Amino acid sequence: MDPQEVIDFWVKDVGPKGWYEQSDELDQTIRDRFMDVWECARDGKLHGWLASAEGILAYLIVTDQFPRNMFRNDPRAFSTDRLARAAAKQAVDQDFDMRVAEPERQFFYLPMMHSECLTDQDRCVRLMMLGMSADSSVLHARAHREIIRKFGRFPYRNEALSRNSSEEELAFINQGGYGAIVRELQAAA
């Protein structure tokens, strides 16, 4: 598959509205059209895509975005995160992110936002501040970072990853979880 097919599907067909809404129909479409591509990436067969800004963008969509749709509530949703993070860091170091327009540029930063490492979270916030014009991008990066600061992991992944949740994590989820953090940050701004 050509990387441009991935980009056209994600950017033109799905678009920003579809990126953040849960849809069983979209999840199935991604599985049907891109499962083989994701498996190739997982198995290390798409390294040729890492040579250009557009290729890395497609690779990041396949390894970071698509599994979250294809494998909701399943550990495979996070199984290619390390590949996405490595590619994203390489891309940022080569300024490939700045060769891609907004809002697609955010996909170079989201693998770090999805990381359970505070250093990656700090880097994501900085990159969003420098590379994105929308205040909401920075807000969401800061919200993810606050969760990692507080728990060292994303509690809402615990069930899928067969991790035990602490009482504090359960209380966080029951009191609004991510949305509550976003509202707190908005109120403090």
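This text follows the structure it describes.
Here the structure is a predicted model, which is why all the values come from computation and not from measurement. (Residues numbered from 1 in each chain as written. Predicted model: local features only at pLDDT ≥ 70, side-chain atom pairs only at ≥ 80, totals over all residues. Heavy atoms only, no water.)

## As for the pattern of salt bridges
Here's step 1: Evaluated as defined, the whole model comprises 16 salt bridges.
Here's step 2: Close ionic contact of K12 with D8 constitutes a salt bridge, the shortest N to O distance being 3.5 Å. Placement of the pair is K12 and D8 together in helix α1 (residues 3–19), with a separation of four residues, close to one helical turn.
Here's step 3: Taking the relative accessible area as the measure of exposure, D8 reaches 26% and is therefore partly exposed.
Here's step 4: A salt bridge links D81 to R68; its shortest N-O distance comes to 2.9 Å. Within this pair, whereas D81 is found in helix α4 (residues 81–93), its partner R68 is found in helix α3 (residues 53–70), the two being separated by 13 residues in sequence.
Here's step 5: Looking at R68, the relative accessible area reads 16%, which means it is buried.
Here's step 6: Look at the salt bridges and you will find they share partners, linking D64, R68 and D81 into a network. (Salt bridge = Lys/Arg side-chain N within 4 Å of Asp/Glu carboxyl O. Helix = DSSP H or I, 4+ residues; strand = E, 2+ residues; numbered from the N terminus. Buried < 20%, exposed > 50% of the residue type's maximum accessible area, 1.4 Å probe, protein only.)

## A closer look at the environment of I30
Here's step 1: Its location among the elements puts I30 in helix α2 (residues 24–42).
Here's step 2: Along the sequence, I30 and V6 sit 24 residues apart, while their C-alpha atoms lie 10.0 Å from each other.
Here's step 3: Excluding anything up to four places from it in sequence, I30 contacts F9, W10, M35, F66, N69 and M70. (Contact = heavy atoms within 4.5 Å.)

## Re the side chain of S137
Here's step 1: The topology assignment puts S137 in helix α7 (residues 135–151).
Here's step 2: With relative accessibility at 10%, the residue S137 sits in the buried group.
Here's step 3: With near-sequence residues (within four places) excluded, S137 lies in contact with M113, M128 and M132.

## Quick word on the nonpolar core
The nonpolar side chains of a soluble globular protein tend to be buried, and buried together.
Here's step 1: Grouped together as the largest cluster of nonpolar side chains are 51 residues, with contacts concentrated most on W10, F66, F108 and M128.
Here's step 2: Of all the secondary structure elements, the ones that give two or more residues to this core are α1, α2, α3, α4, α5 (110–113), α6 (118–131) and α7.
Here's step 3: Looking at this core, the element that brings in the most residues is α3, giving 10 residues.
Here's step 4: F66 has contacts with V6, F9, W10, I30, F34 and I61, leaving out every residue within four places of it along the chain.
Here's step 5: In terms of nonpolar packing, the next biggest core, distinct from the first, is built from 10 residues, I147, I148, I181 and L185 among them. (Core = buried A, V, L, I, M, F, W, Y, C linked by side-chain atoms within 4.5 Å.)

## Description of unusual backbone geometry
Here's step 1: The linkage connecting E102 with the following residue, P103, adopts the cis geometry, with an omega of 5°.
Here's step 2: Relative to the helices and strands, P103 is located in the loop between α4 and α5.
Here's step 3: Of note, N73 is a non-glycine position whose phi angle comes to about 60°, a positive value.
Here's step 4: Relative to the elements of secondary structure, N73 occurs in the loop between α3 and α4.
Here's step 5: For N73, a relative accessible area of 76% translates into the label exposed.

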